[in-house]
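Listed here are the chains, written in short residue letters.
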Amino acid sequence: MIPPSSHLAANLDDPHNVRRWLQTYHPKQLALLNNFEISLRLGRFSTRGCDGTDSGSSAQQQQQQASSSSKYQYGKERRVITTRTVELLRSIIGSTRWGTAAQLLTLLRGLGNELHAAGGYREPAIGNMVRRIMYAVRDEADRAPVMATSTSTTTTTENAHKMEVLTEQLASTNLRATRALSLSSVLWAHPQHITMKHSRQPSGSVDYSDRMLALTDSSDSTGAGGGSGGGDLSLGADTSASTHYYACYPPHYYNRRDDLRQSVMEAIQEIMSELEDLHKNINEQAVQHIHAGEIILTYALSKTVELFLKAAAAKKRKFQVIVCEGSPHFGGHAMAKSLAGAGIDTTVIHDAATFAIMARVNKVLLPAHAVLANGGLIAPSGCNMVALAAKQNSVPVVTVAGMFKLCPMYPHEGQDTLNDLISPSSVIDYSLLGDPVLSEVEFVNPVHDYIPPQLIDLYVTNIGGFQPSYIYRLLAEYYHSDDWDVFE
Amino acid sequence: MNSHSLRTSAGQAHWMGNSVSEPIVPSRARCDSDKMQILQRMMTTQDEYMHSPMWMRVGNPGIQDRRKEMAISSHRSSVMIINGNSALTWVTTSASAGNAPGSNDGIGGDGAGDDQQSQPPRSSSSIPLPVAAIRVLLNVIRRSKAETMMGLQAELRDASDVMVNFAKLGGPIPSTSAHTSTNRNATTTTTRYILAGRSYIALSSGCELFLKFITRASLDTPHFQQCKVQVLDRGTRFAELALMARSRISTIGCSFINDGCTILTHGRSSVVESLLVRAAQLEKKRFNVIVLEGRPDAGGIKAAKSYVKAGIPTTVVLDSAMGYIMERVDMVLVGAEGVVENGGIVNKVGTYALGVLAKELGVPLYVAVESYKFTRLYPLNNADLPDMGAGGSSTSGRSGKEENGKMGIGGAKLRFLDTLAWSANSTAATLSPASSSSSSSVAAVSGKEEGYETNKVGNNETTTTVEDKMTDDLHPYIINLPSSVTIMNPPVDFTPAKFITLLFTDLGVLTPSAVSDELIRLTA
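From a predicted model like this one, the values you see are computed outputs, not experimental measurements. (Residues numbered from 1 in each chain as written. Chains lettered and ligands numbered in written order. Predicted model: local features only at pLDDT ≥ 70, side-chain atom pairs only at ≥ 80, totals over all residues. Heavy atoms only, no water.)

*Asks:* Which residues make up the overall build of chain A, and what are the values?
*Replies:* Check the secondary structure of chain A and you find 21 helices and 10 strands. Taken over 488 residues, chain A has a buried fraction of 58%. Residue pairs in contact within chain A that sit at least 24 positions apart in sequence constitute 78% of those at least 6 positions apart. (Helix = DSSP H or I, 4+ residues; strand = E, 2+ residues; numbered from the N terminus. Buried < 20%, exposed > 50% of the residue type's maximum accessible area, 1.4 Å probe, protein only. Contact = heavy atoms within 4.5 Å.)

What follows is the structure, encoded as C-alpha cells:
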C-alpha cells in the first residue's frame with residue numbers, strides 16, 4: 001500500500017522503526033544522532049558552553065558558567081540544548097531520503113522519541129522543537145495539495161469523484177480546515193478527523209475502525225494516497241500497543257512532493273533564527289515592564305530574567321532588585337552577583353523572608369522551566385511560594401519565557417508535573433547521614449514547582465506579552481493538535 | 001444498607017411518572033454497531049420496516065406516512081409537519097433510549113439480557129440527543145423534495161424548530177403517528193418529562209451546528225443535486241464524528257484521573273460515565289467516586305449504578321451534603337447540557353453551587369462535554385438562561401393528585417417526602433431488616449450487584465403493582481404544601497467560566513476562554 005516510488009523508505013511507517021531505518025540507509029546521520037544523545041545523557045552541553053550558533057552574550061554566559069559551574073546549572077544549558085536539537089534535526093532531515101510528508105512526520109516522531117528518552121524526559125523543549133518542525137511540515141503539506149494530487153491521480157478520474165476530491169481540497173486550502181481539530185473544522189467532517197485519534201477499545205472497536213477504513217477509502221482517496229492511509233492505519237493499530245494514539249495523516253500527506261524538502265528546511269531556518277533572536281526580542285519589552293523606582297523581586301537564577309533586568313538597566317532605568325537566594329541550589333547568589341556587576345541595586349534575601357518583604361515589592365519576575373497548556377507554569381522549586389505571597393499582596397507576577405518553553409501538556413499530576421526529584425546532597429550533607437537518627441529521615445529535593453495560571457498575571461515572551469488565558473491560543477499557532485502527545 | 005437509596009430512587013422515579021418509559025426500549029442495545037446499515041436499508045421494504053426495532057423505525061416514517069405526505073405534499077409546510085413529526089418521534093424515542101432513567105436499570109428494565117453484555121455500559125451504546133437530531137435532519141434531507149438549496153435549508157430549519165420546540169415545550173405531540181401503538185403516547189409523555197427542558201440547549205446547538213454545516217457545504221458545490229449527495233455523505237460522517245466524541249473525550253479525560261483520587265460528580269452524564277468507566281476498566285486507574293443524589297430525577301443514583309457496575313468504589317451523598325463532602329474530594333467532574341460562549345456551562349441544577357464550593361476549597365472542576373453542545377448564548381447570570389419550557393416555578397396546590405394536564409416541563413412537579421420517616425417505617429415492613437443501618441446523610445452504595453438484581457427482577461415482572469404499592473407506602477410521608485407556596489424547580493443552572501478549570505471536549509482539552517474562540521471561528 002506504500003507508494004511504489006518510495007521503496008527505499010518503505011519501512012519508514014512507524015516511529016519505532018526510525019533507528020533501524022537510519023541504520024540501513026543513513027549510517028552517518030545515525031552516528032550524528034548517537035553523538036548527540038550521548039552528549040545529552042552526559043550533560044555535556046553545559047560544560048562545553050556555547051557554540052558559534054549561540055551568538056550574542058556568549059562572553060557573559062561563559063563568565064556565568066565559570067562563576068557557578070559547581071552549582072546547580074540545570075537551567076543554563078537549556079537554550080544550547082534547544083538550539084542543538086534543531087540543528088541536529090535540520091541536518092538529519094536535510095540529508096536523509098524520506099519521500100512524503102507522512103514519512104517525514106514519522107521520522108520526526110521517531111527522532112523526538114529518541115531525543116526525549118536521551119534527555120531523560122527532563123527537557124520539554126526538545127519535544128517542543130520537534131513538534132514545531134512537525135507543524136511546519138504539516139503546514140507545508142497542506143499548503144498546496146491540489147498540485148500534488150494532480151500528478152498521482154491519473155487513472156481513476158471519474159468526473160464526479162474528482163469533483164468531490166477537488167472540493168475537499170479546496171476546503172482544506174481555503175480554510176486550513178485540516179490543520180487542527182476545531183469546531184469549524186469538524187463541520188467539514190473530514191474523514192481524518194474521524195480516524196484521527198481513535199482510541200483502542202477492547203470490544204466494538206474492530207468493526208468501528210473497519211468502517212472508518214471503508215470511509216477513508218471510499219470517500220476522498222485518490223487510489224494510492226487513500227490506500228496507503230488505510231495501510232498506515234492498520235499498521236498503527238498493531239504497533240501502538242504502548243500508546244493509545246496513533247497518527248493517521250490526511251491522504252495528501254502520502255503524496256510525493258518535491259518542493260517539500262526545500263520549504264521545510266526554510267521553516268527550520270526560521271525556527272533557528274527565532275531562537276537566536278530570542279533574548280533580543282524579549283529584552284526589547286523590558287522597558288515596558290520595569291519602571292523607574294520599582295522594586296522587582298525575582299527568584300534564584302535565570303538567564304532570561306537576568307538578561308531582561310540587565311536590558312532594562314541598560315536603558316538607564318533605576319530600579320531595585322531583590323533576589324531570593326533559591327535554596328538549596330542558591331542560584332540567587334550568582335544572579336545577584338551578575339546583576340550587581342551590571343550596576344543594578346541588588347539585595348539578596350533568604351527564601352523564608354519572601355513573604356515579609358513582599359509588601360514593598362512592585363513586581364515579581366519569575367523564571368520559567370516550562371509553560372503549560374492551561375497557562376500554568378513550571379518554575380524552580382520555591383516559586384509557587386513566591387507567587388502565592390505575591391497574590392496575597394496583590395503584587396503582579398510576570399514570567400519571562402521564550403516560546404520554546406511552551407509545552408502542549410496539562411498538569412495532570414499537579415505538583416509532580418514535569419518535576420524531578422534530584423539528589424538530596426544539597427539539602428543535607430552526606431557526612432551527617434551517619435547519624436542513626438538522621439538516617440531515618442527522608443530528604444526530598446524537588447527541582448520544580450507547578451504554579452497554577454491564576455497566580456500569574458503576564459507572560460512576557462519573545463513574541464509579546466500574554467495573559468495565561470491566552471496560552472491555549474498560542475499552542476494552536478505553534479503546534480498541531482495531533483502532535484501534542486506524540487512523545488510519551 | 002443500600003436499600004434505602006435504592007428504594008428512594010425507585011420511589012422518586014415513580015412520582016415523576018417516568019415508569020411509563022419502559023415500553024419503548026425494546027432493543028436499543030443491539031443496534032448501535034449496525035445502526036447505519038439498518039438505517040440505509042430501512043426505507044426499502046415495508047416488511048423490514050415493520051420488523052425493525054421501533055426506535056429505529058421512527059426516523060423513517062412508514063408507508064402510510066409517505067402516502068399521507070404525498071396527499072398533502074402540495075403544501076410544503078404540511079410536508080414539513082410530517083417530516084417534523086417523524087423527526088420528533090425519532091428524537092423522543094432515542095432520547096428515552098439514551099436518557100430514559102429506566103433504560104438500563106431497574107425501573108425500565110428492558111428485559112433482554114443483551115443490554116448488560118455491552119461492557120463499557122449503556123453510555124457508549126446510547127445515542128446522544130443532538131446526534132439523534134442530526135440524523136433526523138439527514139433524513140429530512142433524504143426525503144426532501146426541495147429543488148433549491150434555499151428550499152432545503154428552509155425545510156431543515158423548520159424541522160429543527162419543531163424538534164427544539166418540542167424539547168422546549170413538550171409539544172405539539174405528533175398525532176399522525178398512526179403506526180404506533182398506545183406505547184407511543186406513553187413515550188411522548190415520558191420524554192417530555194425526560195427532556196424536562198434540560199436538553200433543549202444541547203438539541204438546539206446541535207441542530208444549529210448542522211444547519212451551519214449545510215450552509216457551508218452548499219457554498220462548495222453550485223449544483224444542487226450534487227450538493228445534496230455530498231451533504232448527505234458528509235452529514236453521515238458528521239453524525240459519526242459526533243458519536244465518536246464521547247470516546248475521544250474519555251480518552252482525553254482519563255489522563256487527569258490519578259490513582260487514589262476521589263472524584264465528585266453531579267447529575268447523570270453519559271460522557272462522564274464513559275470517561276470514568278474507561279479510566280477504571282481500560283486504564284485500570286484506581287479511584288473513588290462520590291455521587292450527588294441529583295434531585296429530582298435521581299440522576300446521580302442512576303449514574304452510581306453504572307459506576308458500581310464498572311467496579312468503581314462509589315459513594316452516594318445527598319445533594320445538600322456537597323459542602324460536607326467537598327473537603328475530601330480531589331476533583332469535581334461534571335457533564336454539561338450546554339457550553340455557552342463565555343466558557344460557562346449550563347448543567348443540572350446544583351452545578352453552580354458545586355462550582356462555587358469547589359473554587360472556595362481549591363478543588364478543580366472539570367467539565368466533560370461534546371463540542372456540539374457549544375452554543376451561542378451569552379448568559380451573565382441564571383436569569384439570562386433561555387426559558388426552559390414552563391419556566392422554573394410552579395405553584396403547588398393539591399396533594400398527590402395531578403393538578404392539571406400539562407406537566408410543568410421545566411418545573412416538573414416536585415414532591416416533598418420525609419424520606420427518613422418513611423424509610424424508618426418501611427424498612428421494618430418491606431425490606432430486609434439488616435439494611436437500615438445508615439439513615440444518615442451518607443449512604444454507601446456497595447459494590448454488590450445483588451441489590452440491583454433483585455430490584456430489577458421485581459420491576460421487570462410486575463412493574464405496576466410494585467409501584468402502586470410504593471405510592472401507598474409513600475403516601476403518608478408526602479408533605480403537602482399550601483397552594484400559596486411557590487415551588488421553584490429550575491432544571492438547570494448556569495455556572496460561570498471562572499469556576500471551571502478545564503473542559504474535556506472532543507476538540508481536546510480546552511480552557512473556558514477557548515470556547516468562545518471556537519465559536520467565533522465557526523462563524524468567521
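Next, the rest of the story.
*Asks:* Residues and numbers for the UniProt feature "coiled-coil region" (unreviewed entry) in chain A, please.
*Replies:* In the numbering used here, UniProt assigns the feature "coiled-coil region" (unreviewed entry) to residues 261-288 of chain A. Here residues 261-288 of chain A runs as 89% helix and 0% strand, with 40 Å between its end C-alpha atoms. (UniProt positions renumbered as here; feature names shortened; annotations may be inferred.)

*Asks:* Provide a residue-level description of the nonpolar core, including the pertinent values.
*Replies:* In terms of nonpolar packing, the biggest core is built from 72 residues, with Leu-297, Val-364 and Leu-366 of chain A together with Leu-276, Phe-287, Leu-333 and Phe-504 of chain B touching the most fellow members. Of the residues forming this core, the biggest block, seven residues, is contributed by helix α15 (residues 270-281) of chain B. Residues within four places of Leu-276 of chain B in sequence aside, it is in contact with Ile-257, Ile-263, Thr-265, Phe-287, Val-289, Tyr-307, Ile-312 and Leu-333 of chain B. Among the nonpolar cores identified, the runner-up in size contains 70 residues, and Leu-30, Ile-126, Met-129 and Ile-290 of chain A belong to it. (Core = buried A, V, L, I, M, F, W, Y, C linked by side-chain atoms within 4.5 Å.)

*Asks:* Which residues make up the side chain of Asn-17 of chain A, and what are the values?
*Replies:* Residue position: Asn-17 of chain A is located in the segment before α1 (18-25). Of the polar contacts made by the side chain of Asn-17 of chain A, one reaches the side chain of Arg-20 of chain A; its length is 2.8 Å. (Polar contact = N/O pair within 3.5 Å; in protein donor to acceptor, adjacent residues only side chain to side chain.)

*Asks:* So, the environment of Pro-453 of chain A: which residues are in play, and what are the values?
*Replies:* Residues and elements named next belong to chain A. Among the secondary structure elements, Pro-453 is positioned in the loop between β8 (448-451) and β9 (458-461). Expressed as a C-alpha distance, the spacing of Pro-453 and Leu-377, which sit 76 residues apart in the sequence, is 7.0 Å. With residues up to four places along the chain from it excluded, the contact list for Pro-453 reads Asn-374, Gly-375, Gly-376 and Pro-468.

*Asks:* Got a sec to walk through the sheet that holds β9 of chain A? Specific residues and values, please.
*Replies:* Residues and elements named next belong to chain A. Strand order in the open sheet made by the seven strands is β3-β2-β1-β4-β7-β9-β10, with mixed pairing throughout. Both outer strands of the open sheet, β3 (345-349) and β10 (464-466), are each paired with one neighbouring strand and no more. Geometrically, the sheet is characterised by an average inter-axis angle of 25° between neighbouring strands, direction not taken into account. As defined by bridge partners, strand β2 (residues 320-324) adjoins β3 across five bridges and the pair is classed as parallel. (Pairing = 2+ DSSP bridges. Axes fitted to C-alpha atoms, helices over the stretch in contact; angles between N-to-C directions.)

*Asks:* Hey, could you go over the pairing of strand β2 (residues 288-292) of chain B for me, with residue numbers and the actual values?
*Replies:* All names here are of chain B. For β2, the tally of buried residues reaches four of five residues, placing the bulk of the element in the interior. By the bridge criterion, four bridges tie β2 to strand β3 (residues 314-317) in an arrangement that is parallel. Bridge pairing in β3 links Leu-292 to Val-317. Handedness of the crossover joining β2 and β3 through helix α16 (residues 299-309): right-handed. (Right-handed = clockwise from strand over helix to strand, strands pointing away.)

*Asks:* Can you tell me about unusual backbone geometry, naming the residues and giving the values?
*Replies:* The omega torsion across Ser-327 of chain A and Pro-328 of chain A is 5°, close enough to zero to call that bond cis. Its place among the elements puts Pro-328 of chain A in the loop between β2 and α18 (331-341). Following Arg-295 of chain B, the chain continues into Pro-296 of chain B via a peptide bond in cis, with omega recorded as -5°. Of note in this structure, Phe-330 of chain A is not a glycine but carries a positive phi near 55°. Tracing the backbone shows Phe-330 of chain A in the loop between β2 and α18. By relative accessible area, which is 28% here, Phe-330 of chain A ends up partly exposed.

*Asks:* An account of the sheet that holds strand β5 (residues 370-371) of chain A is requested, with residue identities and associated values reported.
*Replies:* Residues and elements named next belong to chain A. Overall, antiparallel pairing links the three strands, which are arranged β5-β6-β8 in an open sheet. Each edge of the sheet is formed by a strand with only one pairing partner; in this case those strands are β5 and β8. Packed onto the sheet, helix α20 (residues 383-392) meets β6 (377-380) and β8 and runs at close to 35° relative to β8.

*Asks:* Talk me through the confidence of the model for chain A; I want residue IDs and the actual numbers.
*Replies:* Residue and element names in this part refer to chain A. Confidence along chain A averages 76 in pLDDT terms, with 70% of residues attaining 70 or more. When the criterion is pLDDT under 50, residues 169-179 qualifies, and its contacts beyond four places in sequence or with other chains add up to 26 contacts. Between residues 194-246, whose pLDDT stays under 50, and residues either more than four places distant or in other chains, the model counts 104 contacts. (pLDDT = per-residue confidence, 0-100.)

*Asks:* I'd like to hear about the packing of helix α13 (residues 200-220) of chain B against helix α14 (residues 224-254) of chain B, residue by residue, with values.
*Replies:* All names here are of chain B. The contact between α13 and α14 brings their axes to 10 Å, and the two run at 140°. By the angle between their axes, α13 is oblique relative to α14. Crossing of α13 against α14: the hand is right-handed. For the pair α13 and α14, contact is made by Leu-209, Phe-210, Phe-213, Ile-214, Ala-217, Ser-218 and Asp-220 and by Cys-227, Gln-230, Val-231, Arg-234, Gly-235 and Phe-238, respectively. For the contact of α13 with α14, the per-class residue count stands at eight nonpolar, three polar and two charged. (Parallel < 35°, antiparallel > 145°, perpendicular 65-115°, else oblique. Left-handed = near helix turned anticlockwise from the far one by under 90°. Nonpolar A, V, L, I, M, F, W, Y, C, P; charged D, E, K, R; others polar.)

*Asks:* Just give me the short version of α20 of chain A, but keep the residues and values in it.
*Replies:* Every buried residue belonging to α20 of chain A is among Cys-383, Asn-384, Val-386, Ala-387, Ala-389 and Ala-390 of chain A, and all of these are buried. On its buried side, α20 of chain A packs onto β1 (295-299), α19 (354-358), β4 (363-366), β6, β7 (397-400) and β8 of chain A.

*Asks:* So, the packing of aromatic side chains: which residues are in play, and what are the values?
*Replies:* Counted under the stated rule, the structure contains nine aromatic pairs over all chains. What links up through ring pairs into an aromatic cluster is the set Tyr-410 and Trp-484 of chain A together with Phe-256, Tyr-366 and Phe-504 of chain B. Lying across the ring of Trp-98 of chain A, Arg-261 of chain A places its NZ or CZ 4.3 Å from the centre. (Phe/Tyr/Trp six-rings, centres within 6.5 Å; stacked < 30°, edge-to-face > 60°. Lys NZ or Arg CZ within 6 Å of the ring centre and 35° of its normal.)

*Asks:* Let's hear about the pattern of salt bridges: which residues, and what values?
*Replies:* The final tally for this structure, using the stated rule, is 19 salt bridges over all chains. Across the pair Arg-122 of chain A and Asp-420 of chain A runs a salt bridge, and its minimum N-O distance is 3.6 Å. In this pair, Arg-122 of chain A is assigned in the loop between α6 (101-118) and α7 (124-143) and Asp-420 of chain A in the loop between β7 and β8, connecting sequence segments 298 residues apart. Arg-122 of chain A sits in the partly exposed class, given a relative accessible area of 39%. Put simply, Glu-283 of chain B and Arg-278 of chain B hold a salt bridge, and the shortest N to O gap is 3.4 Å. For Arg-278 of chain B, a relative accessible area of 5% gives the class buried. Counted as one network, the salt bridges with shared partners bring together Arg-19, Glu-37, Arg-41 and Glu-114 of chain A. (Salt bridge = Lys/Arg side-chain N within 4 Å of Asp/Glu carboxyl O.)

*Asks:* Describe in detail the side chain of Thr-265 of chain B, supporting the description with residues and values.
*Replies:* Residues and elements named next belong to chain B. Mapped onto the elements, Thr-265 comes out in strand β1 (residues 262-266). On the basis of relative accessible area, Thr-265 is assigned to the buried category, the value being 1%. Not counting chain neighbours up to four residues away, the residues in contact with Thr-265 comprise Val-272, Leu-276, Val-289, Ile-290, Val-291, Leu-292, Tyr-307 and Leu-333.

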